[in-house]
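A closer look at the structure
Below are the chains, spelled out letter by letter.
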Amino acid sequence: MRRVFGVKKDKEPPPTVQDASDRINKRGDSVEEKINKLDAELAKYKEQIKRTRPGPAQEAVKARAMRVLKQKRMYEGQRDMLYNQTFNLDQVAFAAEGIKDAQQTTSALKTANKELKGMMKTVKIQDIDNLQDEMMDLMDVSNEIQESLGRSYSVPDDIDEEELLGELDALEADMGVETESDGVPSYLQPDKESDLDTEFNLPSAPTGHAPAPGSRTNAQTEDELGLPAVPGASLRG
């Protein structure tokens, strides 16, 4: 049966844009090499035309140069056409990549949208508002508890604030009187010594050195041993 009908051949996959672009680039490189060879050949013919005199030989060289120049023009046209095809393929490839990116972005957005919808089902705005209200109430109760615990037991509730303000003003006035011109309170100033001399009319203390004692006028006589002589008295044996 295989010999009669043959074997079904697998179809080759169609070429991609990148494959077509690579193939055209190779053809363009081949044409570019041919153009370079023709340029080198034209340069050789130009030198021969300069060295030969006008005549049949020069005309023959010019004819060969014209033939090479025509080939060069043809190859240049083919090269430009291939470059245009490559440019078009690049544009198509860029557009295809953009569409692929758009497809991936759309798929990602769909997945995210589905996940958000699932999460939104578990979160309700009303529950959040109620939770916030409960938190505010708890904070108010906490503040009241703190104020109650911070209340002083020794301070009566019936204190007149105006009376306290009056005492405070009086205290500030007393402090202002005690303050000297330099701003130092009286309790920080040195104590002033009382003028006792003026009060009791006492003489002033001496300021100089005490005079040295004068020489003895009534010096006692000494005996032969250097001891004070005893005044003469009648000794009875």
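Cut-off values and rules
Residues numbered from 1 in each chain as written. Predicted model: local features only at pLDDT ≥ 70, side-chain atom pairs only at ≥ 80, totals over all residues. Heavy atoms only, no water. Helix = DSSP H or I, 4+ residues; strand = E, 2+ residues; numbered from the N terminus. Buried < 20%, exposed > 50% of the residue type's maximum accessible area, 1.4 Å probe, protein only. Contact = heavy atoms within 4.5 Å. Areas by Shrake-Rupley, 256 points an atom, 1.4 Å probe, with all protein chains shown as cover. Polar contact = N/O pair within 3.5 Å; in protein donor to acceptor, adjacent residues only side chain to side chain. Patch = residues over 30% accessible without salt bridge, like charges linked within 9 Å, V, L, I, M, F, W, Y side chains within 5 Å. Salt bridge = Lys/Arg side-chain N within 4 Å of Asp/Glu carboxyl O. Core = buried A, V, L, I, M, F, W, Y, C linked by side-chain atoms within 4.5 Å. pLDDT = per-residue confidence, 0-100. Axes fitted to C-alpha atoms, helices over the stretch in contact; angles between N-to-C directions. Parallel < 35°, antiparallel > 145°, perpendicular 65-115°, else oblique. Left-handed = near helix turned anticlockwise from the far one by under 90°. Nonpolar A, V, L, I, M, F, W, Y, C, P; charged D, E, K, R; others polar. Lys, Arg positive; Asp, Glu negative; His and termini not counted. Charge placed at Lys NZ, Arg CZ, Asp CG, Glu CD.

Within the protein chain, the secondary structure is distributed over 6 helices and 0 strands. Counted from the first residue to the last, the protein chain has its helices and strands arranged as α-α-α-α-α-α. Within the protein chain, the fraction of its 237 residues that count as buried is 8%. Long-range contacts, defined here as pairs at least 24 residues apart, represent 60% of the contacts in the protein chain between residues at least 6 apart. Accessible surface computed for the protein chain: about 22,400 Å², of which carbon and sulfur atoms make up 55%.

What follows concerns the side chain of Thr 86. Inspection of the secondary structure puts Thr 86 in helix H3 (residues 56-122). A distance of 3.4 Å separates the side chain of Thr 86 from the side chain of Asn 25, its partner in a polar contact. Those residues in contact with Thr 86 that lie beyond four places of it in its chain are Ser 21, Ile 24 and Asn 25.

Here we take up a nonpolar patch on the surface. Together, Leu 165, Leu 168, Leu 171 and Met 175 line one region of the surface with nonpolar side chains, adding up to about 400 Å² of accessible area. With respect to the secondary-structure elements, Leu 168 resides in helix H5 (residues 161-178).

All right, on to the nonpolar core then. Ile 24, Val 31, Ile 35, Leu 38, Leu 42, Tyr 45, Val 61, Ala 65, Val 68, Tyr 75, Leu 82 and Leu 89 form the largest nonpolar core, which has 12 residues in total. Not counting residues up to four positions away in its chain, the partners in contact with Leu 89 are Val 17, Ala 20, Ser 21 and Ile 24.

Of all residues in the protein chain, 67% attain a pLDDT of 70 or more, and the chain-wide mean is 76. Put simply, helix H6 (residues 196-200) is where the protein chain has its lowest mean pLDDT, 52, and helix H4 (residues 125-149) is where it has its highest, 91. Low pLDDT (under 50) marks residues 233-237, which in the prediction has 0 contacts with non-local residues, meaning those over four places away or in another chain.

With their axes 8 Å apart at the nearest point, helix H2 (residues 17-51) and H3 run at an angle of 160 degrees to one another. The orientation of H2 relative to H3 falls into the category roughly antiparallel. Seen along the crossing, H2 lies across H3 with a hand that is left-handed. Residue classes in the contact of H2 with H3 are distributed as 19 nonpolar, 9 polar and 12 charged.

A cluster of acidic residues, Asp 127, Asp 129, Asp 133, Glu 134, Asp 137, Asp 140, Glu 144 and Glu 147, forms a negative patch at the surface. With relative accessibility at 61%, the residue Glu 147 sits in the exposed group.

Next up on the list: the pattern of salt bridges. Going through the model one piece at a time under the given rule, you end up with 5 salt bridges. Of the charged contacts in the structure, one is a salt bridge between Asp 80 and Arg 79, with a shortest N-O distance of 3.8 Å. A relative accessible area of 38% places Asp 80 in the partly exposed class. When its relative accessible area of 17% is taken as the criterion, Arg 79 is described as buried.

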